[in-house]
Amino acid sequence: MERWLALELASTIRHDGDGGVTDDLSTVRETDLWIRRQGELLGDSARPGELVVDENLRLAVIELRRAVRALFARVVSPAPPSPADAHRLMPADRAIAHLNTVAAREPVTVQLDWPLEGAPTARLLSSQDDPSVRLVAQLARAAVDFLSGPWRAELRACTAPRCVRYFVKSHGRQEWCKPSCGNRARAARHYRRGRTDGEAGPALR
């Protein structure tokens, strides 16, 4: 299953399973755990023993997430955005400026790798010494890549009750981020339909 780093960041705000919303970046420890879980996507930016996660880094990642979620809301418009932060979204122009500023904090050059056996690949060579800056800049670049790429057109906000996730539509008329959300949405529709039918009362003969 394909994963996108920008979507992983946006999804650190999620339904907690009890009718509320939880934040996977609410503490330094939780932020550290989340970064470790993204190791495959982050590559060298999350090397053990090099990156020290502190409160400043946590706040930088959270501010970048605010920008990303604001731009995700712009993508899905005129459909409603995630209800988690729909009432306090960062203005889109400010979100774009913040994303670009953070991405520019890590000067990088493109390098070609071409082993004797195998296909050529490109990699980015960084001239930024601070691993915290490299990490947040990589998250910002991932958001730029996603928002400027083909998957942007498939981004949706899940419409299931209580869900606050964004997701990339993978097939047909997909409305929900996962099957359990679809089951919950269908149950809610059935419940509303039953109440409407009940309130209408028996038909006159």
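Residues numbered from 1 in each chain as written. Predicted model: local features only at pLDDT ≥ 70, side-chain atom pairs only at ≥ 80, totals over all residues. Heavy atoms only, no water.

**Topic: the overall build of the protein chain**
Argument step 1. Per the secondary structure count, the protein chain includes seven helices and six strands.
Argument step 2. Counting helices and strands in the order they occur from the N terminus, the protein chain gives α-β-β-α-α-α-α-β-β-α-β-β-α.
Argument step 3. Buried residues in the protein chain amount to 39% of all 205 residues.
Argument step 4. Intrachain contacts of the protein chain at a sequence separation of at least 6 include 56% that bridge at least 24 residues.
Argument step 5. As displayed, the protein chain offers around 12,500 Å² of accessible surface, 53% of which is attributable to carbon and sulfur atoms. (Helix = DSSP H or I, 4+ residues; strand = E, 2+ residues; numbered from the N terminus. Buried < 20%, exposed > 50% of the residue type's maximum accessible area, 1.4 Å probe, protein only. Contact = heavy atoms within 4.5 Å. Areas by Shrake-Rupley, 256 points an atom, 1.4 Å probe, with all protein chains shown as cover.)

**Section: unusual backbone geometry**
Negative phi is the rule for most residues except glycine; trans is the rule for most peptide bonds.
Argument step 1. That bond from Ser 77 to Pro 78 is cis: its omega, 15 degrees, falls within 30 degrees of zero.
Argument step 2. Its place among the elements puts Pro 78 in the loop between helix H4 (55–76) and helix H5 (92–103).

**Details of the pattern of salt bridges**
Argument step 1. Counted by the stated rule, this structure contains 11 salt bridges.
Argument step 2. Of the charged contacts in the structure, one is a salt bridge between Arg 66 and Glu 63, with a shortest N-O distance of 3.4 Å. Note that Arg 66 and Glu 63 are positioned in helix H4 at a spacing of three residues, about one turn of the helix.
Argument step 3. Residue Arg 66 is classed as partly exposed on the basis of its relative accessible area of 30%.
Argument step 4. Taking relative accessible area as the criterion, Glu 63 reaches 23% and is therefore assigned partly exposed.
Argument step 5. Bridged by salt links that share partners, the residues Glu 63, Arg 66 and Arg 94 form one connected network. (Salt bridge = Lys/Arg side-chain N within 4 Å of Asp/Glu carboxyl O.)

**Some words on helix H2 (residues 28–37)**
Argument step 1. All of the buried residues in H2 are Thr 31, Trp 34 and Ile 35. For H2, the buried positions fall inside an angular range of 100 degrees around the axis, keeping them on one side. Of the exposed residues in H2, the ones pointing more than 90 degrees away from its buried face are Arg 29 and Arg 36.
Argument step 2. Contacts made by the buried residues of H2 are with helix H1 (5–10), helix H3 (39–42), H4 and helix H6 (131–147). (Arc of directions from axis to C-beta.)

**Notes on the packing of aromatic side chains**
Argument step 1. All told, the structure shown has four aromatic pairs when counted by the stated rule.
Argument step 2. Seen in terms of ring centroids, Trp 4 and Phe 146 are 6.3 Å apart; in terms of plane orientation they differ by 75 degrees. Their pairing is edge-to-face. Of the two residues, Trp 4 sits in the segment before H1 while Phe 146 sits in helix H6, which places them 142 residues apart along the sequence. By the burial criterion, Trp 4 is buried, and Phe 146 matches it.
Argument step 3. Put simply, the rings of Trp 4, Phe 72, Phe 146, Trp 151 and Tyr 166 touch in pairs and so form one group of aromatic residues. (Phe/Tyr/Trp six-rings, centres within 6.5 Å; stacked < 30°, edge-to-face > 60°.)

**Things to note about a nonpolar patch on the surface**
Argument step 1. A grouping of Val 108, Val 110 and Leu 124 is seen on the molecular surface, where their side chains present a nonpolar patch of about 260 Å² in accessible area.
Argument step 2. Tracing the sequence through the fold places Val 108 in strand S3 (residues 108–113). (Patch = residues over 30% accessible without salt bridge, like charges linked within 9 Å, V, L, I, M, F, W, Y side chains within 5 Å.)

**Some thoughts on the packing of H4 against H5**
Argument step 1. At a minimum axis separation of 9 Å, H4 and H5 run at an interaxial angle of 130 degrees. Taken together, H4 and H5 sit at an angle that is classed as oblique. Here H4 and H5 pass one another in a crossing that is left-handed. Here H4 contributes Glu 63, Leu 64, Arg 66, Ala 67, Val 68, Ala 70, Leu 71 and Arg 74 to the contact with H5, which in turn contributes Ala 92, Arg 94, Ala 95, Ile 96, His 98 and Leu 99.
Argument step 2. Residue composition of the contact of H4 with H5, grouped by class: nine nonpolar, one polar and four charged. (Axes fitted to C-alpha atoms, helices over the stretch in contact; angles between N-to-C directions. Parallel < 35°, antiparallel > 145°, perpendicular 65-115°, else oblique. Left-handed = near helix turned anticlockwise from the far one by under 90°. Nonpolar A, V, L, I, M, F, W, Y, C, P; charged D, E, K, R; others polar.)

**Brief notes about the packing of H5 against H6**
Argument step 1. Axis separation between H5 and H6 bottoms out at 8 Å; the angle between their running directions is 125 degrees. Comparing the axis directions of H5 and H6 gives the class oblique. In this structure, the crossing between H5 and H6 has a hand that is left-handed. Residues Leu 99, Asn 100, Val 102 and Ala 103 of H5 form the contact with H6, whose participating residues are Val 136, Ala 137, Ala 140, Arg 141, Ala 143, Val 144 and Leu 147.

It is worth stressing that arrangement in space is one thing and function is another; only the former is reported here.
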